[in-house]
Structure formats: structure tokens, C-alpha cells
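Listed below are the residues making up each chain.
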Amino acid sequence: MAQGWSNPLPSLLPVAEPLSLDEDESSSETGFIAEYGFGPPLNTRKEAEYFMHFIHELAPWFDVCDPARNFGTEVPKRARHFPFLAYSILAFSSRQISLKAGIDDDSHETYHSHALRILIPILDDPIGAVNENVLAGIVILRSYEETTGSSRLLNSEFRFAAQGGLEEAASWVVLRQDMYVSLTRSRPLRTNMDSYRDSQSFVDTCDESLANRVVFICGRVLAYAFGPESRLDPVLWVELGEDLRRWYETTPWKVLSFSPDSPAREGGEPSVFPTLWMARHIQVLGYQHYYIARMLLNIFNPQLWTPRFNAIRSTAASDEVVREDLRTLLGLTIS
């Protein structure tokens, strides 16, 4: 821990703006306790350690597709003034530390409870809107729920517009979280994909934007595969396949690949999976979504679901393509 963190952080204020210098901080804390039944966060060294763990270890998970790194830079600054955001960070960070260290620490449950205590009135307010600060906190709490088996927020639907900054960064995380739930539970995608069409990611050419584009295509494929309609749309299937092909052919990323029997892995041991090396993690994430989308399109090919004389032959060929894509996907993941 750096020397500058030897003292507890100043109390987090239950308002959007910092207190003026002449305002009584103790009365603010008393008011916070009176309103919520517990004190403001970030008042102890332990909480400061959780906070720093989020910045250095967890924020990069959220920022993988965000060139501005909003969760690592903007979110910590805002958490100083938004208790819900701070308690969300503390819940997720303390949970991750306890899992990593293998210790029995239930403080994350307390932080999670405090965050929900603040969030519920916000969501129940028909006038209030889920602004970017609330959305960022919800994104963090949804990640927390993935580690606890809870699904209170993972099963919720949130609407937003891609307007840049923290809101757009959080919205892309929401989409990836929803895609994870859709894929692992074979259920329809809850996110409104049209909300992303005006995103800057379809204009910029940085690696993060290129990755977001294929994440978007993969999301549309999931919506097609697990949609409410029982009949698969062959026109949409062709359109999605073309979008995926164009992304692959126009993406300038390069892959260093080795065959499964090449001793390219550590220790020189051969592997049943190909070795695929890329320059950046964001490029790996992009190709992972590309191969997931390819597998889903092959599995949910409308022609395979239509009774035909050569259906068995077509299914066998499709299964082979899916197996090869799965090997490539796993090779990307473990390389």
C-alpha cells in the first residue's frame, strides 16, 4: 500500500457535489446515518484497500473495450461523491479479495446490502432516471452477483442511450453481461440492440471500437438464436453471416498461430488446441466473440432445422465446423 493511503479516506458525502469548506462534516455523516441507517463509505483503511484493489485489479475488466478507461479513472473520482457507486465498488472488490485469498470474509454482503438500500428508492422513483453514475454502479453490482449466484440485477433490464463517456462505457459492459447470461442460460437477450447503433465505436478505428463492433454482431446473433420467435429467419441469418464475414476481412489484427502439434507452449509440450498469440487482450476478446458468433450461426442455421433428404450430411458438416471453431476459441483463451 502506498504511503499516501496510510490514513483513512475522507467521508463520502450523500450528495452529488462536495461539501463547502465551512460545512459541518460530522452533521453530514449524522444525516447520512439517519437517512440510510448506516454510515458513509470509505472511512477506514480496509475500505481504502478495497477501493485501490478495484482501481488496479478490477477496473481493467470493465475497461477492456473502452479506450478512455472510464471505470479506472472516472468511476473512482465519482465514487467519492456517490455513496451507491462507492458501496458497489466495495462489495465487488471485497468479494474478489476474499475469493482470491480463500478467506471467510462476509463484509461484501454488508456492502452489497448498503448499495441496494440506496439503489432501490432510485429505481422505484418514476420521475428519476438511471443516470450514468447509477448505471456504472449497477454494472459493478451485476458483476458482484455473478460471483455469488444472485440474479436480482442480472435479470433486470436497463435502457440507456449511447452518448459517449461513462454512460456508453457502462452500456457496453451491460451488453456483454447480458450476452453472458443469454449464452449460458439459452434465453433471449434482454438488451435493446438498437441503442448501440449510434455508438462512436462504429466510427472510430481503434482496437476497442473494432472489438465492440464484433461484440455487437455477436449480440445480434444471440438475439437471433435465442429470440422469442420459434422459426429461424433465413434472411436475417444470411445478413448476420455477411456482417461477421465483413468484420473478419476488414479487421487489421494479426495472429501468430501454431498447429496443435507445434511445441510452442511453455515447456515444449504439444497441445490438442492451436496456439494463437495476439498483441493485445482486446484483440483476443474480439476474436473470441467472432468465433462464438460463428458457432451459433452454424448451430442455428435455418437449413439444418428444415426437414430435407441431405439434412444429416449438412448437420455433420456443420458440426465439424463448430468443433473446429471451438478448438480455435479455446486455443485463443489458453494461449
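Quick caveat, the model's predicted, so the values are computed rather than measured.

Packing of helix H7 (residues 165-185) against helix H8 (residues 207-225) brings their axes to within 10 Å, and their N-to-C directions diverge by 40 degrees. Helix-helix and strand crossings are classified by hand; for H7 and H8 the assignment is left-handed. Counted together, Trp172, Leu175, Arg176, Met179, Ser182 and Leu183 of H7 and Asn212, Val215, Phe216, Cys218, Gly219 and Leu222 of H8 form the full contact between these two elements. Residues that form the contact of H7 with H8 fall into these classes: 8 nonpolar, 3 polar and 1 charged.

You can see Ser93 is positioned in helix H4 (residues 83-101). The spatial distance from the C-alpha of Ser93 to the C-alpha of Leu58 is 7.4 Å, given a sequence separation of 35 residues. Residues contacting Ser93, with those up to four places away along its chain left out, are Tyr50, His53, Phe54 and Leu58.

With that out of the way, let us pick up helix H9 (residues 234-250). For H9, built from 17 residues, the straight-helix expectation of 24 Å at 1.5 Å per residue is met to within 8% by its first-to-last C-alpha distance of 24 Å. Those residues of H9 not exposed but buried are Leu240, Asp243, Leu244 and Trp247. All buried residues of H9 fall inside an arc of 95 degrees around its axis, so they share one side. Summarising the geometry of H9, the exposed residues directed more than 90 degrees from the buried face are Val235, Glu249 and Thr250. Tucked inside the fold, the buried residues of H9 contact H8 and helix H10 (281-299). With a side-chain oxygen positioned 3.0 Å from the backbone nitrogen of Val235, the residue opening H9 is Asp233.

Moving on, we come to the packing of aromatic side chains. For the structure on display, the rule yields 18 aromatic pairs. Relative to Phe92, the ring of Phe62 has its centre 5.9 Å away and its plane inclined at 70 degrees; by these criteria the two rings are edge-to-face. Within this pair, whereas Phe62 is found in helix H2 (residues 45-62), its partner Phe92 is found in helix H4, the two being separated by 30 residues in sequence. For Phe62, a relative accessible area of 4% translates into the label buried. Grouping aromatic residues by their ring pairs yields a cluster made of Trp247, Tyr248, Trp253, Tyr287, Tyr290 and Tyr291.

Our focus in this paragraph is the nonpolar core. Counting residues in each nonpolar core, the largest one holds 42 residues, and the members touching the most others are Leu175 and Tyr287. One finds Val75, Ala115, Ile118 and Val174 within the second-largest nonpolar core, a separate group that totals 39 residues.

What counts and what doesn't
Residues numbered from 1 in each chain as written. Predicted model: local features only at pLDDT ≥ 70, side-chain atom pairs only at ≥ 80, totals over all residues. Heavy atoms only, no water. Axes fitted to C-alpha atoms, helices over the stretch in contact; angles between N-to-C directions. Helix = DSSP H or I, 4+ residues; strand = E, 2+ residues; numbered from the N terminus. Left-handed = near helix turned anticlockwise from the far one by under 90°. Contact = heavy atoms within 4.5 Å. Nonpolar A, V, L, I, M, F, W, Y, C, P; charged D, E, K, R; others polar. Expected span 1.5 Å × (residues − 1). Buried < 20%, exposed > 50% of the residue type's maximum accessible area, 1.4 Å probe, protein only. Arc of directions from axis to C-beta. Polar contact = N/O pair within 3.5 Å; in protein donor to acceptor, adjacent residues only side chain to side chain. Phe/Tyr/Trp six-rings, centres within 6.5 Å; stacked < 30°, edge-to-face > 60°. Core = buried A, V, L, I, M, F, W, Y, C linked by side-chain atoms within 4.5 Å.

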